[in-house]
Amino acid sequence: RKKGLNSASGGSLIAARRPSRAREIIRDFEGLFPKTLFETLTLHQNDLKKGLENADLVVNATPAGLRPGGPLLIPSAIIPRARRREKILFFDLIYHRGRRTEFLKMAKKKGHRIMDGLGMLLFQGARAFEYWTGKRAPVGVMRRALLAAMKMQKGPGPFWVAKRGQAPFGLKQK
């Protein structure tokens, strides 16, 4: 966020269906980012609309959007139209083969930038690879394998398992 709702300094707004959960998330984040201002935000449309006025980034970290026609946490009517130099990045941790969540579709229709969680999945896997092997992750190979797995997949969410005797990501087995 560019500005907190009640202050001139930058910060982050955290909204959750349960206000107690938003406060819990803020306590965790304050320990990690002590110089950042965090505020809770309700899911009431007026509060969400105010929060979006100065937002740089909006993240959906909920399962809303896993099923087509599922609940929308931010109604399309309150998402402002993107201005030439002030586009919000809407990021949804959910990723699907060949389709965007309603959250991302709405933001795109309003002219904003969008991103799904596929890149996050890739780099979480790369970090895990490096942690467990002590070797640099072959991110390009992993990206190609992930995209190939997404093409083969049926249903929502990626799922890929190497065949018995096959090394993951095309790596050579010893």
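For the structure, check the block above.
Residue numbers run consecutively from 1 along every chain, following the written order of its sequence. Under the rules for a predicted model, residues below a pLDDT of 70 receive no local features and side-chain atom pairs below 80 are neither given nor counted, while totals for whole chains, interfaces and linings still include all residues. Water and hydrogen atoms were dropped before computing side-chain values, which therefore reflect all heavy atoms in the structure.

## Comments concerning the pattern of salt bridges
Then step 1. Each salt bridge in this description consists of a side-chain nitrogen of Lys or Arg and a carboxyl oxygen of Asp or Glu lying within 4 Å of one another. With the rule as written, the count across this model stands at 2 salt bridges.
Then step 2. The partner of K105 in a salt bridge is E102, and the shortest N-O contact between them spans 3.2 Å. Of this pair, K105 and E102 both sit in helix α3 (residues 102-109), 3 residues apart, which is roughly one turn of the helix. Counting from the N terminus, the helices are DSSP H or I runs at least four residues long and the strands are E runs at least two residues long.

## Here's the deal with the sheet that holds strand β4 (residues 89-92)
Then step 1. What the 3 strands build is an open sheet, ordered β3-β4-β5; its pairing is parallel. Edge positions in the sheet fall to β3 (57-60) and β5 (113-116), since each of these pairs with one other strand and no more. Each adjacent strand pair in this sheet contributes to an overall mean axis angle of 15 degrees, direction not counted.
Then step 2. The pairing criterion is simple: DSSP has to find at least two bridges between the two strands. Pairing of β3 with β4 involves 4 bridges; the strand directions are parallel. The residue of β4 that forms the bridge with N60 is D92.
Then step 3. Should any heavy atoms of two residues lie within 4.5 Å, those residues are counted as being in contact. For helices, the axis comes from a line fit to the C-alpha atoms of the stretch in contact; other axes are also lines fit to C-alpha atoms, and the angle between any two N-to-C directions lies between 0 and 180 degrees. In the packing of α3 onto the sheet, the strands contacted are β3, β4 and β5, and the crossing angle to β4 comes to about 165 degrees.

## Things to note about the layout of surface pockets
Then step 1. Its boundaries defined by the atoms lining it, the largest pocket holds a volume of some 1200 Å³.
Then step 2. The wall of the largest pocket is formed by 39 residues, among which L13, I14, A15, V59 and N60 lie closest to the centre.
Then step 3. No other element matches the 5 residues that strand β1 (residues 11-15) contributes to the lining of the largest pocket.
Then step 4. Split into classes, the residues belonging to the lining of the largest pocket amount to 24 nonpolar, 8 polar and 7 charged. As defined here, a cavity is a set of points on a 1 Å grid over the protein atoms alone where a 1.4 Å probe fits but cannot get out. A pocket is an open set with protein on both sides within 12 Å along at least five of seven lines, and residues line them when an atom is within 4 Å of a point. Grid points are joined across faces, edges and corners, and a volume is the space filled by probe spheres set on the points. Side-chain classes are defined by residue name, with Ala, Val, Leu, Ile, Met, Phe, Trp, Tyr, Cys and Pro counting as nonpolar, Asp, Glu, Lys and Arg as charged, and the others, Gly among them, as polar.

## Remarks on the pairing of strand β2 (residues 37-41)
Then step 1. Pairing of β1 with β2 involves 5 bridges; the strand directions are parallel. Opposite I14, over in β2, you have T40 as the bridge partner.
Then step 2. Handedness of the crossover joining β1 and β2 through helix α1 (residues 19-32): right-handed. Looking down the strands as they point away from you, a crossover is right-handed if its path from the first strand over the helix to the second goes clockwise.

## Focus: the packing of aromatic side chains
Then step 1. Aromatic pairing here means that ring centres of Phe, Tyr or Trp (its six-membered ring) are within 6.5 Å. Orientation follows from the plane angle: under 30 degrees is stacked, over 60 is edge-to-face, and everything else is tilted. Across all of its chains, the model carries 4 aromatic pairs by this definition.
Then step 2. Relative to F38, the ring of F29 lies with its centre 5.8 Å away and its plane at 55 degrees, an arrangement referred to as tilted.
Then step 3. With 5.6 Å between their ring centres and 65 degrees between their planes, F90 and F103 make a pair best called edge-to-face. Here F103 lies in helix α3 and F90 lies in strand β4, a separation of 13 residues in the sequence.

## Describing the nonpolar core
Then step 1. Residues L52, V58, I74, I79, F90 and F103 are the most contacted members of the largest nonpolar core, which totals 15 residues.
Then step 2. Breaking this core down by element, the ones donating at least two residues are α2 (45-53) and α3.
Then step 3. Ranked by residue count, the leading element in this core is α3, at 4 residues.
Then step 4. If sequence neighbours within four positions are ignored, F103 has contacts with V58, N60, L72, I74, F90, F91 and D92. Nonpolar core, defined: a set of buried Ala, Val, Leu, Ile, Met, Phe, Trp, Tyr and Cys residues in which side-chain atoms within 4.5 Å join the residues together. When accessible area is computed with a 1.4 Å probe and restricted to protein chains, residues below 20% of their type maximum are described as buried, those above 50% as exposed, and intermediate ones as partly exposed.

## So, α1
Then step 1. Over its 14 residues, α1 runs 20 Å from end to end, which matches the ideal 20 Å to within 8%, given 1.5 Å per residue.
Then step 2. Among all positions of α1, only A22, I25 and I26 are buried. Summarising the axial view, the buried residues of α1 lie within an arc of 105 degrees, below the 170-degree limit, and thus occupy one face. Pointing more than 90 degrees away from the buried face of α1 are the exposed residues R27, D28 and G31.
Then step 3. Tucked inside the fold, the buried residues of α1 contact β1 and β2. The span one expects for a helix is its residue count, reduced by one, times 1.5 Å. What the arc measures is the spread of directions leading from the helix axis to the C-beta atoms.

## Comments concerning a positive patch on the surface
Then step 1. Only residues whose relative accessible area exceeds 30% and that take part in no salt bridge are eligible for patches, with like-charged residues grouped when within 9 Å of each other and nonpolar side chains (Val, Leu, Ile, Met, Phe, Trp, Tyr) grouped when within 5 Å. For the accessible areas, the method is Shrake-Rupley and the probe is 1.4 Å, while residue cover comes only from the protein chains on display. Neither His nor the chain ends is counted toward charge; the positive residues are Lys and Arg and the negative residues Asp and Glu. Every charge is mapped to an atom, namely NZ of Lys, CZ of Arg, CG of Asp or CD of Glu. Taken together, K87, R100, K108 and R113 make up a surface patch of like positive charges.
Then step 2. Within the secondary structure, K87 sits in the loop between β3 and β4.

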